[in-house]
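Understanding the architecture of this molecule
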Amino acid sequence: MIVTVRVRVEDARRIWLRAQRLSTAEPFGAGPQAVAAAVTHLGYVQIDTIHVIERAHHHILFNRIPAYRRADLRRAQSVDKSVFETWTHALSYVPAADLRFFLPQMRELRTGPWHRNAGPQDVRRVVARVREGGPLTIRDITDDVLVDKDWAWASRKPSKLALEVAFTWGLLTVSERAGMVKTYELMDRHFGWDKPPRPATARQELAYRLDRALRSQGVVSLASVCFHAPRLKPAVRDLIGQRVRRGQLVAVDVAGVEHWATPQTLDIIPPAPEVAAVRLLSPFDPLIIQRDRLELLFGYRHVFEAYVPKPRRRYGYFALPVLAGDRIVAAIDLKTDRAAGRLLVQQWTWVGDGDERTHRAVVDAELERFERFQLEPPG
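The following paragraphs examine the structure supplied in this document. (Residues numbered from 1 in each chain as written. Predicted model: local features only at pLDDT ≥ 70, side-chain atom pairs only at ≥ 80, totals over all residues. Heavy atoms only, no water.)

1. Quick look at the sheet that holds strand β4 (residues 91-95)
By definition, the strands of a sheet pair up through backbone hydrogen bonds, in either a parallel or an antiparallel sense. How we decide: Strands are labelled as partners when DSSP assigns at least two bridges between them. Helix and strand definitions here come from DSSP, where helices need a minimum of 4 consecutive H or I residues and strands a minimum of 2 consecutive E residues; each element is numbered from the N-terminal end. Whether two residues are in contact is decided by their heavy atoms, any of which lying within 4.5 Å being enough. Helix axes use the C-alpha atoms of the stretch in contact, all axes being lines fitted to C-alpha atoms, and the angles between their N-to-C directions lie in the range 0 to 180 degrees.
Read from one edge to the other, the open sheet built from 3 strands follows the order β2-β4-β3, with strand pairing classed as antiparallel. For this open sheet the edge positions go to β2 (45-46) and β3 (83-87), each flanked by a neighbour on one side alone. Against the sheet, helix α4 (residues 70-78) engages β3 and β4, with an angle of about 85° to β3.

Spelled out as structure tokens, the structure:
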């Protein structure tokens, strides 16, 4: 007989914060090793190009590594090679040690479909160019015959699309970034392989996905394990069922929604924080990106409004949810004025239990810390 444990929403929320390492002052230490440790624990750190404030990947790491410097990520990627870029639910940094779990997806994509501006011959050409000439950025390619864009963020250079296809297939990897300019290198040459790692089996991929969710979420649902991969739900449910029967997982009810956790996770429920530590979270932070889960456990539904017409925006163009202790208390729309050396508050909206008297001073202090990080010179 399977026994279901009822866990209060506030307890599930604190377990999630503990798993996300947002309830600890300095959970990973500092330096490039801290970057590798953070990416390994979280499983992925999402990359995004929007630069209204600091880009998402730096922002996510800053919230878990107080002494974080952008150069730490650059070293982890390009020198230590402890992290690399690939597609999870979005383009992300993932641990290099986990590469084999992504190889099957890369190889599966090599059958197409083909884009009209990047066929097999274009991919072969850019890979050969990297093989013969060494690492390459799109700025190094000056002999393309330009084509019309077929969507707003596309490039007119066919070689750019061909490089991205070769990257998605695992023929090339991003060996370095300068801002958002990527340097592409042969994957085996970048990692110095004598022979590539063996791709994970389908069963190993499922176990990896489930273990990653359990580690970084604490209490998981089928939707949270299979985020942006709903086709995997039947197989993941079967795997969860096997672990429940073996006593490795416990069935958990959170507000009427089916969840699971390891017995060890439930042994110690984190108490309410005594001090309301504040974090200004990226809209792409792992705590925020799963909107349904966020709403269930925090009672707050974030809306990313950069693509919402201005009259219909509630929180602002690039609003950041503000975590104080174990509650979301505000959404603040920020913009960095780099020329003037200032962080500008475009809009401030109190949400949930947040209010001026209780939270304004602690949020202002974190805004000052965040401003200093925004305006630090790169490197």
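2. As for helix α14 (residues 356-375)
Put simply, the test is: Expected helix span is given by 1.5 Å per residue-to-residue step, counting one fewer step than there are residues. Two N or O atoms form a polar contact when they lie within 3.5 Å of each other; inside protein one atom must be a possible hydrogen donor and the other a possible acceptor, and for residues adjacent in sequence the pair counts only when both atoms belong to side chains.
Compared with an ideal rise of 1.5 Å per residue, which puts 20 residues at 28 Å, α14 spans 26 Å between its outermost C-alpha atoms and is within 8% of the ideal. Where α14 is buried, its residues touch α3 (56-62), α4, β9 (278-280), β10 (319-324), β11 (327-337) and β12 (342-350). The opening residue of α14, the one whose side-chain oxygen lies 3.1 Å from the backbone nitrogen of Arg-357, is Asp-355.

3. Concerning helix α6 (residues 120-133)
So the rule is basically this: Using a 1.4 Å probe on the protein chains alone, a residue whose accessible area is under 20% of its type maximum counts as buried, one over 50% counts as exposed, and one in between counts as partly exposed. The directions from the helix axis to the C-beta atoms form the arc being described.
The terminal C-alpha atoms of α6, which comprises 14 residues, lie 20 Å apart, in line with the 20 Å expected from a rise of 1.5 Å per residue. Among the residues making up α6, those that are buried are Asp-122, Val-123, Val-126, Val-127 and Val-130. Each buried residue of α6 lies within a common arc of 130° when the element is viewed along its axis, so the set occupies one face. Residues of α6 that are exposed and point over 90 degrees away from its buried face: Arg-124, Glu-132 and Gly-133. Buried residues along α6 sit in contact with α7 (158-169), β5 (172-178), β6 (181-186) and α8 (187-191).

4. Thoughts on the sheet that holds strand β7 (residues 250-254)
Reading across the sheet, the 3 strands line up as β1-β7-β8 and stay open at both edges, with mixed pairing between neighbours. Only two strands of the sheet have a single neighbouring strand rather than two, namely β1 (4-6) and β8 (257-261). Strand after strand, the sheet turns through a mean of 40° between neighbouring axes, direction not considered. Alignment of β7 against β8, held across 5 bridges, turns out to be antiparallel. Bridged to Ala-251 within β8 is Trp-260.

5. Some details on the packing of helix α1 (residues 9-19) against helix α13 (residues 291-298)
For clarity, the cut-off: Angular relationships are summarised with four words: roughly parallel below 35 degrees, roughly antiparallel beyond 145, roughly perpendicular across 65 to 115, and oblique for the angles in between. Charged residues are taken to be Asp, Glu, Lys and Arg, nonpolar residues to be Ala, Val, Leu, Ile, Met, Phe, Trp, Tyr, Cys and Pro, and polar residues to be all remaining types, Gly included.
Direction vectors running N to C along α1 and α13 enclose 125°, while the axes themselves pass 8 Å from each other. Classified by the angle their axes make, α1 and α13 are oblique. Of the residues in α13, those touching α1 at Val-9, Ala-12, Arg-13, Trp-16 and Leu-17 are Arg-293, Leu-294, Leu-296, Leu-297 and Phe-298. Residues that form the contact of α1 with α13 fall into these classes: 8 nonpolar, no polar and 2 charged.

6. Looking at the pairing of β7
Along any regular strand the residues' side chains alternate between the sheet's two faces. Counted residue by residue, β7 has 4 buried out of 5 residues, so it is predominantly covered. Alignment of β1 against β7, held across 3 bridges, turns out to be parallel. Within β7, the position partnered with Val-5 by the bridge is Val-252. Between the end of β7 and the start of β8, which pair antiparallel, lie 2 residues, with Ala-255 showing a positive phi angle near 55°.

7. Focus on the packing of aromatic side chains
We count it as follows: Aromatic pairing here means that ring centres of Phe, Tyr or Trp (its six-membered ring) are within 6.5 Å. Orientation follows from the plane angle: under 30 degrees is stacked, over 60 is edge-to-face, and everything else is tilted.
For the coordinates displayed, the defined rule picks out 14 aromatic pairs. Centre to centre, the rings of Phe-102 and Tyr-208 are 6.0 Å apart; their planes meet at 80°, and the pair counts as edge-to-face. Of this pair, Phe-102 sits in the loop between β4 and α5 (103-108) while Tyr-208 is found in helix α9 (residues 202-217), placing the two residues 106 residues apart along the sequence. When its relative accessible area of 7% is taken as the criterion, Phe-102 is described as buried. Exposure remark for Tyr-208: the relative accessible area of 11% places this residue in the buried category.

8. Describing the pairing of β5
Here β5 lies mainly inside the structure; 5 of its 7 residues are buried. Relative to β6, β5 runs antiparallel, the two sharing 6 bridges. Its bridge partner lying in β6, Thr-173 is registered against Glu-185. Hairpin remark: β5 followed by β6, antiparallel, with 2 residues in the connecting loop; positive phi at Gly-179, about 65°.

9. Concerning the nonpolar core
The cut-off we apply is this: The criterion is simple. A nonpolar core is a set of buried Ala, Val, Leu, Ile, Met, Phe, Trp, Tyr and Cys residues joined through side-chain atoms within 4.5 Å.
Leu-61 and Phe-370 are the most contacted members of the largest nonpolar core, which totals 73 residues. Of all the elements, α7 adds the most residues to this core, at 6 residues. Setting aside anything within four residues of it in sequence, one finds Leu-61 in contact with Val-35, Ala-38, Val-39, Val-45, Tyr-68 and Leu-73.

Everything listed here is a matter of geometry and, on its own, says nothing about what the molecule does.
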